[in-house]
Every structure is written in structure tokens, then in C-alpha cells.
Amino acid sequence: MKTASRYKCSWQACRDRDFARAKQLGWQELDSASLSTQFDGYVGLAFAHSQELEFDEAIEHFKDALFIADSVPAQNQARLWLVHGLLQRELGEHNIAIHLFENYFQQVAPSENSAELAFVHELLGMGFIRMGRDGEAHEAWAEARRYESRLGRGARTARLFGWHGLAHLQTGHWSEAAESFRQCRNSATEPNLDMKLVYAEAGLAAALAKLEDPRIHIAPLRRAALLAEAKLQTRYESYYLRYLADTLMAAGEQDEAVEAYLRASEVSLRALLFQRARYCFQAVLSHFDVLRNREAGLEFHRQYVHLDQRIQKIQMAHREISLQLLESIREWRRKTSEDLVEL
């Protein structure tokens, strides 16, 4: 169990992806008489809510931080770049996100703060992978590991190897994925890492299922998907349901596989992972096409069209939110003449 003394501020909890604790600390910081501390609270809350896809709350706190940003030190103020980048990334505006992450890196690089530099490189990697820039993603995570090696934090190093593994799975590099998940498992040497170990074993199983008898690799994937569901970790649930479905299909458990694909598609949609949602539904369509089951294929095709319409509607709404955020930044710049972001 995490103790209250583990983090000194909400930003540290955000860096460790402990969003529940980040929110608690963020609200405490809002009660401070110091504008700088209040600013940190707003930024921490905006970060945590954005990562949990709670856009209304994240944007409200982001704008509150903007309102008092000219009263805080420049180094803290620069965190707005990172939070704005996270919001734009979740809204699907990946080019803007990468630009903002790189701006933040330029701001913090002179400080030689290993924790902050590892953090921004981790986020850069996650941004690159969503753009299909796999090589740059792996380079960014390797750089993050270099900074983490100075700090000796096994949990964060394990998480970075996990990102490598998931990226290799997405690109079909099974042997590389297996090796990354082995390194993830071996790096998770800190206490209370049972959850990360479950995910590492599941990632390893997903890779090995492509190289060996898939039937022996179903259990770790099912366990990880159930754990992610119980922990309300929607994106991890999406990952492992998708690979559970692939493995079940390869093992000949077709009915279970179809059920897992459909659930993975719906969970992926909630997690705003649109490409994966489409992939899972397309796998179901391909299955019924192979079986020459025209009636079932037509029914699932109608459902796929409905899914695609939902995705397009969400993307249009997100585009509007993205533009509104950019206008908020421009308005702030007009009032303060601060060069927060140039687009």
C-alpha cells in the first residue's frame, strides 16, 4: 500500500502514474495560500484527469492553471506544455502532442533532472508509437531507461520495457516482444509489483503464443484481462483482451475468441483506441468470412458500420475540443505575451 509520504506533491504522483493519489494531493494543494502551490495542484489534477480520459475535468483544471500561470516560476509554468500535449494526444492530435512534449524537454533539459527527463522521454515514446513512428518510440524509451538507470527504480524501468514489448506486439515482432517482456519481468524487483508481473507474464504469453502452441498461453492473458477489468484499467484490459482473443482463435476456441474480440472492441472504443477497436471487429468479420457464414457476417458487418460511425462522431467532437483548447492558449498568450506554445 502506498503511504502518504511517498509523494511530496501531485506532480510526483503523476510521474508515477498513481492518479488517485495525484488527485488527492492536487486538491490539498488547491487549499494552499500560495498561488504557485495552487498552480501545481491544478496542473496535477489536469494531468491525472486527462490520463483517465475525464476531459471535462482535465480541461477545467487546465484553464484554471492558465489563469494564474503568470504568477508561478517558469519551470513550473512549462508543465502546461506537457499537460496540453497529453490532452491533445488523447484527442487524437498527435503532431501537436509531440511538438509540445519536445518543447517541454527543451525547457527541462538544462536542469539535468533525471526523473523529469525520463518522464518526458516516456511520453514522447508513447506519442511516437501512436503515430506509427516505431523506431523513434523505441529510441525515446531507451533514453528514458538511461535516465532511470541513474535512479535505480525497478518499477519504472519495468514499465518502460513493458512499453517496448507492447509496441513490438503491435508490429508483429514476436521474438523482440518476448525479450522485452522478460526484461520487464526481471526489472520488476521492487515490492508490491504483483500487478506489473501479471501484465509482464501476459505480454510474454501473447508473444510466445505466436511462436509456440497457443493453447498453453491462454491462462496468463485471461488473468491479466480480468485484473485490468477489476482495477478499472481500461487500456490494459483492451490490450490483453485483444491478445487473448488472438490466442483463443489460434488455439481453435473460436466461440470464446469471437466473444473476446467483441468485448475488446467495445473496451477499446471506451479507451479511445480506435484502431484496435476496428481491428477486433475486422477479426470477427474475417472469421465468419472464412466459415462462409454469410448471415452472421452480414450481421457483424452492420455492427461494424455502426462502430465506425460512433468512432467518427467521437473524433469530430474531439477535434472541436482540440480547437477550443488551442484558442484558450492563444487567448492566454494575447493577455500575457508568454510564448507557451507556437503552432
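Since the structure is predicted, the reported quantities are computational estimates derived from the model, not experimental observations. (Residues numbered from 1 in each chain as written. Predicted model: local features only at pLDDT ≥ 70, side-chain atom pairs only at ≥ 80, totals over all residues. Heavy atoms only, no water.)

*Asks:* Explain the overall build of the protein chain to me, and be specific about the residues and the numbers.
*Replies:* The helix and strand tally for the protein chain stands at 17 helices and zero strands. Its C-alpha radius of gyration of 21 Å places the protein chain within 12% of the 20 Å reference for a compact globule of 343 residues. Along the first, second and third principal axes, the C-alpha atoms of the protein chain reach 65 × 45 × 35 Å. Per-residue burial over the protein chain gives 53% buried out of 343 residues. Counting contacts in the protein chain only where the partners sit at least 6 residues apart, residues at least 24 apart contribute 58% of the total. Looking at charge distribution, the protein chain has the averaged site of its 42 positive side-chain charges lying 2 Å from that of its 48 negative ones. (Helix = DSSP H or I, 4+ residues; strand = E, 2+ residues; numbered from the N terminus. Rg over C-alpha atoms; globule rule 2.2 N^0.38 Å. Buried < 20%, exposed > 50% of the residue type's maximum accessible area, 1.4 Å probe, protein only. Contact = heavy atoms within 4.5 Å. Lys, Arg positive; Asp, Glu negative; His and termini not counted. Charge placed at Lys NZ, Arg CZ, Asp CG, Glu CD.)

*Asks:* Pulling in residues and values, what's your account of the nonpolar core?
*Replies:* Residues F62 and Y240 are the most contacted members of the largest nonpolar core, which totals 103 residues. Among residues more than four places away in sequence, those in contact with Y240 are L166, F181, Y199, A202, G203, L221, A224 and A225. (Core = buried A, V, L, I, M, F, W, Y, C linked by side-chain atoms within 4.5 Å.)

*Asks:* Got a sec to walk through the pattern of salt bridges? Specific residues and values, please.
*Replies:* For the structure on display, the rule yields 23 salt bridges. Linking E116 and R15 is a salt bridge whose minimum nitrogen-to-oxygen distance equals 2.5 Å. In this pair, E116 is assigned in helix 8 (residues 114-130) and R15 in helix 1 (residues 10-15), connecting sequence segments 101 residues apart. Take E116 and R15: they sit in the same class, and that class is buried. Each member of the salt-bridge network shares a partner with another, and the members are R89, E90, R130 and R235. (Salt bridge = Lys/Arg side-chain N within 4 Å of Asp/Glu carboxyl O.)

*Asks:* Tell me about helix 16 (residues 274-290), and name the residues and values.
*Replies:* Look at helix 16: 24 Å from first C-alpha to last across 17 residues, which is about the 24 Å you get at 1.5 Å a residue. Within the sequence span of helix 16, burial applies to F274, R276, A277, C280, F281, A283, V284, L285, H287 and F288. Remark: R292 follows helix 16 within two positions and exhibits a positive phi of approximately 55°. (Expected span 1.5 Å × (residues − 1).)

*Asks:* Would you mind going over the side chain of S238 in detail, with residue names and values included?
*Replies:* In this fold, S238 is placed in helix 14 (residues 234-250). There is a polar contact of 2.6 Å between the side chain of S238 and the side chain of S268. (Polar contact = N/O pair within 3.5 Å; in protein donor to acceptor, adjacent residues only side chain to side chain.)

*Asks:* Run through unusual backbone geometry, naming residues and quoting values.
*Replies:* You will see that R17, though not glycine, has its phi angle at about 60°, which is positive. With respect to the helices and strands, R17 occurs in the loop between helix 1 and helix 2 (19-30). R17 sits in the partly exposed class, given a relative accessible area of 26%. Unusually for a residue other than glycine, R292 sits at a positive phi of about 55°.

*Asks:* Account for the packing of helix 14 against helix 16, naming residues and giving values.
*Replies:* At a minimum axis separation of 11 Å, helix 14 and helix 16 run at an interaxial angle of 20°. Considered as vectors, helix 14 and helix 16 are oriented roughly parallel to each other. Helix-helix and strand crossings are classified by hand; for helix 14 and helix 16 the assignment is left-handed. Contact with helix 14, carried on its side by R235, S238, Y239, R242, D246 and M249, involves R276, Y279, C280 and H287 of helix 16 and no other residues of that element. (Axes fitted to C-alpha atoms, helices over the stretch in contact; angles between N-to-C directions. Parallel < 35°, antiparallel > 145°, perpendicular 65-115°, else oblique. Left-handed = near helix turned anticlockwise from the far one by under 90°.)

*Asks:* A description of the packing of helix 10 (residues 154-170) against helix 14 should follow, citing residues and the corresponding values.
*Replies:* Where helix 10 contacts helix 14, the axes come no closer than 12 Å and their chain directions differ by 45°. The angle between helix 10 and helix 14 falls in the class oblique. Of the two possible hands of crossing, helix 10 and helix 14 adopt the one that is left-handed. Of helix 14, the residues touching helix 10 (which contributes W163, L166, L169 and Q170) are Y236, Y239, Y240 and Y243.

*Asks:* Could you give an account of the confidence of the model for the protein chain, with specific residues and numbers?
*Replies:* Low pLDDT means the predicted coordinates in that region are not meant to be read closely. Chain-level pLDDT for the protein chain is 89 on average; 94% of the residues reach the 70-or-more range. Counting contacts from residues 338-343, a segment whose pLDDT is below 50, to residues more than four positions away or on other chains yields 24 contacts. (pLDDT = per-residue confidence, 0-100.)

*Asks:* Summarise the packing of aromatic side chains; cite the residues concerned and give the values.
*Replies:* Two descriptors summarise a pair of aromatic rings, namely the distance from one centre to the other and the angle between the planes of the rings. Taken as a whole, this structure holds 10 aromatic pairs when the rule is applied. Ring centres of Y236 and Y239 lie 6.4 Å apart, and the angle between their planes is 50°; this geometry places the pair in the tilted category. Here Y236 pairs with Y239, and both are found in helix 14, just three residues apart, close to one helical turn. Taking relative accessible area as the criterion, Y239 reaches 12% and is therefore assigned buried. Its end group placed over the ring of Y147, R146 keeps NZ or CZ at 4.6 Å from the ring centre. It is R242 that lies over the ring of Y279; its NZ or CZ is 4.0 Å from the centre. (Phe/Tyr/Trp six-rings, centres within 6.5 Å; stacked < 30°, edge-to-face > 60°. Lys NZ or Arg CZ within 6 Å of the ring centre and 35° of its normal.)

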